[in-house]
Structures are given as structure tokens and as C-alpha cells.
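The primary structure of each chain is shown beneath.
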Amino acid sequence: MRRYRVAIVATSAIITEGIATILRRGGEADVVLMGEALSDIVPRLRSADIDLLIVDTALLRTAEPHEELDDIIVVGLQTSLYDGDIARRMAHAITLYTPEEEIQRIVTEAAEAPSQVSPQESHELSDRERDVLILVAKGLTNKEIASELNISPHTVISHRKNIVHKTGIRSVAGLTVYAVLNKLIDSEQL
């Protein structure tokens, strides 16, 4: 089994240590760098041969773009709302309420199947893709979305793949935040 090299950057040492403990318990990740500021970690990413960076989205909001992050898989730790530009930089997102097993699954999935999407490849969503995204954000399954939109489940899956390709966001949580921030859905409708 391949072990993934992970860096964690969060504004709270408690959060950083907590995520590191969860990942170590899972047995598939080696946490090799931890810090409270991107400026402390970014210069060391290449030499540490990091597979994945878990970063507090609040830090991405205020950070200058770093070329060093372009080739690294980023999992966002959602501690606050963030905009679409930040969402596109992340392969996945976790929150403070994500269960331990889910955190381990997300990190493994992100490390094994990195997003091939870069922000420069992002495109506008079609009207139908927006419809699907809204229903995904509301928590509907592919089958429920198909029924609601009178399309086949396979068409829903195709639309979801297009949404992931265009936004670079793979997780339902990330897509939900994207939908709210882009005013496709009101947060009170969730």
C-alpha cells in the first residue's frame, strides 16, 4: 500500500493536530509538514515531496497565488465561506464536521485520483448543468435528479462529470459552496 505525503496548514494548531491524528490513524498518510501560515509551508513543499496539501480555505482567501501550489493536489478545510476561484483550486473539501472516516476517504481519493482540471480550463456551466448543480447542492441523488429533470440517470452522471471538469470541484460540499457563492441557490434553500 502506498503511503501519501501530506502537508497541513490551518489557522489553529488544534485543528492541524486533529487532522494529522486522524490521518495517522488511517494508516495511509504520512503528515510531513504542518503550519499555521502558507508562507511557512510553501517554500518547503517541493523539497518535502508532498502528494497532497490540506489547507484552511480562510488562508487561501487572503493568500497571494503561489506557483508552488499549481501542481499539488489541494484539499480545502472549509472553516468559512469561500468564492468560486478558491473552490476551483481544490480537489476536494472537508469541514470541521466531516467524520473521521470521510476525511480519510477524501484524502485517499484525492491523492489517488488527482483532478486534471486547472483553473485556466474552467468554462461556463450550461443551463442544464446549473439545474443539475442546484439539485446536487440540495442533496438529491442522481436518480432523484433524473426524475426531477425528466432525464436519464446516465445523463445526470454526464452532466455531473462536466460540472467537475468545468469547476474543478469534486465533492458535494465543494459544489454546494460553489452554488451558493455563485448565487445559483440561496443558502436558506439547503
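Analysis parameters
- Residues numbered from 1 in each chain as written.
- Predicted model: local features only at pLDDT ≥ 70, side-chain atom pairs only at ≥ 80, totals over all residues.
- Heavy atoms only, no water.
- Helix = DSSP H or I, 4+ residues; strand = E, 2+ residues; numbered from the N terminus.
- Buried < 20%, exposed > 50% of the residue type's maximum accessible area, 1.4 Å probe, protein only.
- Contact = heavy atoms within 4.5 Å.
- Areas by Shrake-Rupley, 256 points an atom, 1.4 Å probe, with all protein chains shown as cover.
- Axes fitted to C-alpha atoms, helices over the stretch in contact; angles between N-to-C directions.
- Parallel < 35°, antiparallel > 145°, perpendicular 65-115°, else oblique.
- Left-handed = near helix turned anticlockwise from the far one by under 90°.
- Salt bridge = Lys/Arg side-chain N within 4 Å of Asp/Glu carboxyl O.
- Nonpolar A, V, L, I, M, F, W, Y, C, P; charged D, E, K, R; others polar.
- Core = buried A, V, L, I, M, F, W, Y, C linked by side-chain atoms within 4.5 Å.
- Pairing = 2+ DSSP bridges.
- pLDDT = per-residue confidence, 0-100.

Helix and strand counts for the protein chain come out as 9 helices and 5 strands. When the helices and strands of the protein chain are placed in sequence order, the string is β-α-β-α-β-α-β-α-β-α-α-α-α-α. Within the span of the protein chain, comprising 190 residues, buried residues form 45% of the whole. In the protein chain, of all internal contacts separated by at least 6 residues, the share reaching a separation of at least 24 is 58%. As displayed, the protein chain offers around 9,900 Å² of accessible surface, 48% of which is attributable to carbon and sulfur atoms.

Packed helices, taken two at a time, are described by their axes: the angle between them and the distance between them. Two numbers describe how helix H6 (residues 127-137) lies on helix H7 (residues 142-149): the axes approach to 10 Å, and their chain directions differ by 130°. Judged by the angle between their axes, H6 and H7 are oblique. As H6 runs across H7, the sense of the crossing is right-handed. Side by side, H6 and H7 meet where Arg128, Asp131, Val132, Leu135 and Val136 of the first sit next to Ile145, Glu148 and Leu149 of the second.

This part takes up the side chain of Thr98. One can find Thr98 in the loop between strand S5 (92-95) and helix H5 (100-112). Taking relative accessible area as the criterion, Thr98 reaches 15% and is therefore assigned buried. Those residues in contact with Thr98 that sit more than four places away from it in its chain are Ile103 and Ile106.

Okay, the pattern of salt bridges next. Counting across every chain of the model gives 8 salt bridges. A salt bridge links Arg105 to Glu109; the nearest nitrogen and oxygen atoms lie 2.6 Å apart. A residue pair is termed a helical-turn pair when its members lie 3 or 4 positions apart in one helix, as Arg105 and Glu109 do in helix H5 at 4 residues. On the basis of relative accessibility, which here comes to 38%, the residue Arg105 falls in the partly exposed class. Salt bridges sharing common partners tie together Glu102, Arg105 and Glu109.

Right, let's talk about the packing of H6 against helix H8 (residues 153-167) for a bit. In contact at an axis separation of 9 Å, H6 and H8 are set at 95° when each is read in the N-to-C sense. With respect to their mutual orientation, H6 and H8 come out roughly perpendicular. Where H6 abuts H8, its residues Arg128, Glu129, Val132, Leu133 and Val136 lie against Val156, His159, Arg160, Asn162, Ile163 and Lys166. Within the contact of H6 with H8, the residues separate by chemical class into 5 nonpolar, 2 polar and 4 charged.

Our focus in this paragraph is the nonpolar core. Val6, Ile8, Ile19, Leu23, Leu52, Ile54 and Ile94 are the most contacted members of the largest nonpolar core, which totals 20 residues. Only strand S1 (4-9), helix H1 (13-26), strand S2 (29-35), strand S3 (52-56), strand S4 (73-78) and H5 provide two or more residues apiece to this core. For this core, the element with the highest residue contribution is H1, accounting for 5 residues. Setting aside its immediate chain neighbours within four residues, Ile8 contacts Thr16, Ile19, Ala20, Leu23, Val31, Leu33, Met34, Gly35 and Ile54. Judged by nonpolar contacts, the second largest core, of 18 residues, contains Leu135, Ile163, Ala179 and Val180.

Our focus in this paragraph is the sheet that holds S1. Pairing within the open sheet is parallel, and its 5 strands lie in the order S2-S1-S3-S4-S5. At either end of the open sheet lies a strand with only one pairing partner, and these are S2 and S5. Going across the sheet, the axis of each strand differs from the next one's by a mean of 25°, ignoring polarity. Across the sheet, H1 is in contact with S1, S2, S3, S4 and S5; its angle to S2 comes to roughly 170°.

This brings us to the confidence of the model for the protein chain. Looking at the protein chain, pLDDT values average 80 and 81% of them are 70 or higher. Considering each helix and strand of the protein chain separately, the mean pLDDT is smallest for helix H4 (residues 84-88), with a value of 58, and largest for H7, with 93. In the predicted structure, residues 114-122 sits below a pLDDT of 50 and forms 12 contacts with residues beyond four places in sequence or in another chain.

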